[in-house]
Amino acid sequence: MEQKWWHDAVVYQIYPRSFCDSNGDGIGDLNGIRSKLDYLEQLGINVIWLSPVYQSPMDDNGYDISDYQEISPEFGTMQDMLDLIEEAKAKGIRIVMDLVVNHTSDEHDWFQRACESKDSPYRDYYVWRDASEDGGPPSDMGSIFGGSAWQWHEATQQYYLHLFSKKQPDLNWENPNVHQEVHNMMNWWIDKGIGGFRLDVIDLIGKEIDRGITGNGPRLHPLLRQMNKATFGNKDLLTVGETWDATPDIAKLYSAPEREELSMVFQFEHITLTWGDGDKWKPAPLDLKAFKKVLTKWQLELKDTGWNSLFWNNHDLPRAVSKYGNDGKYRVKSATMLATVLHCLKGTPYIYQGEEIGMTNVKFERLEQYKDIESLNFYKVKTESGVSHDEMMAAIHENGRDNARTPMQWSREKNAGFSSGKPWIEVNPNHVEINVEQDLNSSDSIYQYYKSLVTLRREDPTIVYGEFVPLLQDHDKVFAYLRKYKGKTILIVANFSDEDLQVDLSEVGAVKVEVLTSNDVINCSDLSNLHLAPYDATVLAIQ
Ligand code: GLC
Ligand code: CA
C-alpha cells in the first residue's frame, strides 16, 4: 500500500459554534479557534476538520450554505479564516473544510434566482417537479429531518426537493452547470491552502429521484471521479466522505486509490447498531459482540485496499463516553478505554471536540433548551404520531445531536470558559468537574492519555499499517486484537464492562510483554490469566 500523509494523521473535529467564543456574543468563532491552536498542537493532532463556517442563515447551524465563498459574520471574516489556515499550517496542522454540496440554503443566490421563474437559468440547479394529480407532492419521499421531502413553491407552482429541512433545497447533480460551479468553488478553496474536504452526505448526490433512489445512486461514483479530476486529485489532500449506508464493498469504491475518488469514508454501521430498528429515536443497548463483529469486518475488508476512518462520535452523535462507556463512576476509565480501542485500529482516528476530556451527554429538562432542528422536528413528528413526551425526551437525551453541541468545557468558570456572554446553547452543568483546565493540570487525565495515544500512533507504524487480527471474538465484554507489522506485534485488550474479569490470552503465545500504554496498573506477566478491572485497557508489545 502506498503510504500517504493522512495514514498516520489524527484529525480533530471542531464544531465552530460551540468551540470557543472570542468576542462574547455567545457563539464560537474563528478567532476563538485561533486562540486554541496551541492547545491542539500540544494534543498532537495534525488535521482539523472544521464544520461549516460559510455564510448561512443557520437553519441547520451552517449546513445550509448561502454563500460558499464568504464566511458567516458570526464566525468572523475571510481574513480570520486565512489567518487560521496560515497559523495552523505553521504548527503542522491542516484545515479540512466541510463541503456541503448535496444542497444549499434556500437563501443562496442560485436558489433565489431559481425561484424567480421556471425559465430562470438557475431553475435547473435544483430539483423541481409538478404536483401529482391530486395536487399533493410528486412522491411520498420523506425528509431526513421529518415530514415530506417536497416543498410547494407558490409563485412558480411547482414543488422543490429537500432531503433535509425545507431551507436546504437539494442541488440538481444532473446539471453540468452545478458540477462546474462546485468544482470552481472547491478549487478556489484549495488555492487558499486548505488540507482537504469532508464531503457532507456525499452518498446522496447520485440520486435518481423519479426512481425513488437517494443514497448510492448509479451516478454517484462517476460524479466523484469527475470531481476528483477537476479539483483535488493530484493535490495530496485528505478527502473523507460521509456515507451513511456504505458497506465495505461500497467503501472500496470510494477509497481504493486506483479508483481516484476519495481518501476515506465515514461508515456508520457500528453507530446504527444502537438504533432500534434503524430508528435513532428508539435507542437500543450496546451489544458488544455485534459491535466487535462490525468493526472487525471493516478492519478485515479494508486490509489491502481502501482506508477506514475511525470515530466514536461527531457533531451529529451522542458523546462516546455516554453511549459506549460509563459517564458516571467510570467516566475517566471508560473514556480512556474507548480511546485505546479506537486509536489502535487501522485507519485515521477522529477526535470530536471535548472527547479528549471525556465530555458527556447533557440532559436538558425542557424541550426549549434544545436548539437542534432535527430533534425539534422529530419531537413534533413523533409526539403527533402518538409517542409520549417522556419517551421522546428520553430519546433526545440519549441520541439527540445537541449532546455533542453544548459548549466546549474549557474551565470550571462561568459558561465553562467558552464565552463571556450568554452561550447560544446552555453549557453542560458538569463543566465544574469536567473541563480542559483540570485535565491539563493533572498528569493522569483523559487529555494526557489521548496525548500519549496520539504520540504512540505517530511513532509506531505497527499501529498505522499493521495487520489486524481479532481475538476473543465471542467474548461479550472484552475487545481484544493484535496488530502485526514487520515482525512486531502489539496486543490491545479492553474491558468494556464495569465488572472484574479474568481472560485467557495464552493463544497469543507471548514470551515477553512490554506495556506501551495503559489506563490502569495491570499485571500483564501471565496472559493466560489476565485480570482486568472495570474498563481497563492496555496496549502491549509482544515478543
Ligand atoms: C450531515 C451533517 C449534518 C447535517 C446534514 C445535512 O449529516 O453531518 O450535521 O445536518 O448532513 O447537511
Ligand atoms: Ca463569537
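One can find the structure itself at the top, above this paragraph.
All of these numbers come straight from a predicted model, not from anything done at the bench.

S.K.: Would you mind going over the sheet that holds strand E2 (residues 47-50) in detail, with residue names and values included?
M.R.: On the basis of which strands lie adjacent, the open sheet formed by 8 strands has the order E11-E10-E9-E5-E2-E1-E13-E12 and parallel pairing. Because the sheet does not close on itself, it has two edges, and the strands there are strand E11 (264-266) and strand E12 (309-310).

S.K.: Let's hear about the packing of helix H6 (residues 220-230) against helix H7 (residues 248-255): which residues, and what values?
M.R.: Running from N to C, H6 and H7 cross one another at 25°; their axes reach a closest spacing of 10 Å. Taken together, the axis directions place H6 and H7 in an arrangement best described as roughly parallel. Contacts between H6 and H7 pair Leu220, His221 and Leu224 from the former with Ile250, Leu253 and Tyr254 from the latter. Of the residues that constitute the contact of H6 with H7, the class distribution is 5 nonpolar, 1 polar and no charged.

S.K.: Provide a residue-level description of the packing of helix H12 (residues 373-384) against helix H13 (residues 389-399), including the pertinent values.
M.R.: Here H12 crosses H13 at 150°, and the two axes come no closer than 10 Å. When the interaxial angle is binned, H12 and H13 end up roughly antiparallel. Here H12 runs over H13; the crossing is right-handed. Between H12 and H13, the contacting residues are Ser375, Phe378, Tyr379, Lys382 and Thr383 on the first element and His389, Met392, Met393 and Ile396 on the second. Of the residues belonging to the contact of H12 with H13, the class tally is 5 nonpolar, 3 polar and 1 charged.

S.K.: Tell me about H13, and name the residues and values.
M.R.: Where H13 is concerned, the buried positions are Met392, Met393, Ala395, Ile396, His397 and Asn399. Contacts from the buried residues of H13 go to helix H10 (320-324) and H12.

S.K.: Can you lay out H12 for me, pointing to particular residues and giving the numbers?
M.R.: Taking 1.5 Å per residue, 12 residues should reach 16 Å; H12 reaches 17 Å between its end C-alpha atoms and fits that length. Considering only its buried residues, H12 is in contact with H13. The residue sitting at the N-terminus of H12 and contributing the capping side-chain oxygen is Asp372; that oxygen lies 3.0 Å from the backbone nitrogen of Glu374. Positive backbone phi, at 105°, marks Gly386, one or two positions downstream of H12.

S.K.: Explain the environment of Trp6 to me, and be specific about the residues and the numbers.
M.R.: For Trp6, the location among the structural elements is in the segment before strand E1 (11-14). Along the sequence, Trp6 and Phe232 sit 226 residues apart, while their C-alpha atoms lie 14 Å from each other.

S.K.: I'd like a rundown of the environment of Leu171, residues and numbers included.
M.R.: Mapping Leu171 onto the fold places it in the loop between strand E8 (158-161) and helix H5 (176-191). Look at Leu171 and you get buried, because its relative accessible area is 1%. Sequence separation between Leu171 and Ser105 is 66 residues; the distance between their C-alpha atoms is 9.9 Å. In contact with Leu171, other than residues within four places in its own chain, are Tyr68, Val101, Asn102, His103, Thr104, Trp110, Tyr125, Tyr126, Val127, Val178 and Lys207.

S.K.: Outline the site of ligand 1, supporting the account with residue identities and numerical values.
M.R.: The environment of ligand 1 is formed by 13 residues, the closest being Asp60, Asp200, Glu242, His315 and Asp316. The separation between an oxygen atom of ligand 1 and a polar side-chain atom of Asp60 is 2.5 Å. In isolation ligand 1 exposes 310 Å². Once the protein is present, 98% of that is buried.

S.K.: Outline the coordination of the calcium ion (ligand 2), listing residues and values.
M.R.: Every protein donor of the calcium ion (ligand 2) is accounted for by Asp21 (OD), Asn23 (OD1), Asp25 (OD), Ile27 (O) and Asp29 (OD), and the metal-donor separations fall at 2.2 to 2.3 Å. Along the chain, the residues that donate to the calcium ion (ligand 2) are spaced as D-x1-N-x1-D-x1-I-x1-D.

S.K.: Explain the sheet that holds strand E16 (residues 488-495) residue by residue, including any values.
M.R.: Taking strand neighbours across the sheet as the criterion, the 5 strands line up as E14-E15-E16-E20-E18 in an open arrangement whose pairing is antiparallel. Where the open sheet ends on each side, the last strands, each with one partner, are strand E14 (467-471) and strand E18 (513-518). Direction aside, the axes of adjacent strands within the sheet are offset by 25° on average. Alignment of strand E15 (residues 478-485) against E16, held across 8 bridges, turns out to be antiparallel. Within the sheet, the bridge partner assigned to Ala480 lies in E16 and is Val493. Sitting on the sheet, helix H9 (residues 288-301) touches E14 and E15, and the angle it makes with E15 is about 15°.

S.K.: Can you break down the pattern of salt bridges residue by residue, with the values?
M.R.: Two side chains carrying opposite charge are able to pair once their charged atoms lie near each other. Overall, the coordinates contain 39 salt bridges when judged by the stated rule. For Arg401, the salt bridge goes to Glu374, with nearest N and O atoms at 3.6 Å. Pair noted here: Arg401 is in the loop between H13 and helix H14 (436-440) and Glu374 is in helix H12, with a separation of 27 residues, a long-range link. Here the two residues Arg401 and Glu374 agree in accessibility, since each one is buried. One salt-bridge network, held together by shared partners, links Asp60, Lys280, Asp316, Asp372, Glu374, Arg401 and Arg405.

Parameters and conventions
Residues numbered from 1 in each chain as written. Chains lettered and ligands numbered in written order. Predicted model: local features only at pLDDT ≥ 70, side-chain atom pairs only at ≥ 80, totals over all residues. Heavy atoms only, no water. Pairing = 2+ DSSP bridges. Helix = DSSP H or I, 4+ residues; strand = E, 2+ residues; numbered from the N terminus. Axes fitted to C-alpha atoms, helices over the stretch in contact; angles between N-to-C directions. Parallel < 35°, antiparallel > 145°, perpendicular 65-115°, else oblique. Contact = heavy atoms within 4.5 Å. Nonpolar A, V, L, I, M, F, W, Y, C, P; charged D, E, K, R; others polar. Left-handed = near helix turned anticlockwise from the far one by under 90°. Buried < 20%, exposed > 50% of the residue type's maximum accessible area, 1.4 Å probe, protein only. Expected span 1.5 Å × (residues − 1). Polar contact = N/O pair within 3.5 Å; in protein donor to acceptor, adjacent residues only side chain to side chain. Near = heavy atom within 4 Å. Areas by Shrake-Rupley, 256 points an atom, 1.4 Å probe, with all protein chains shown as cover. Donors = N, O, S within 2.8 Å, 3.2 Å for Na, K, Ca; no water. Salt bridge = Lys/Arg side-chain N within 4 Å of Asp/Glu carboxyl O.

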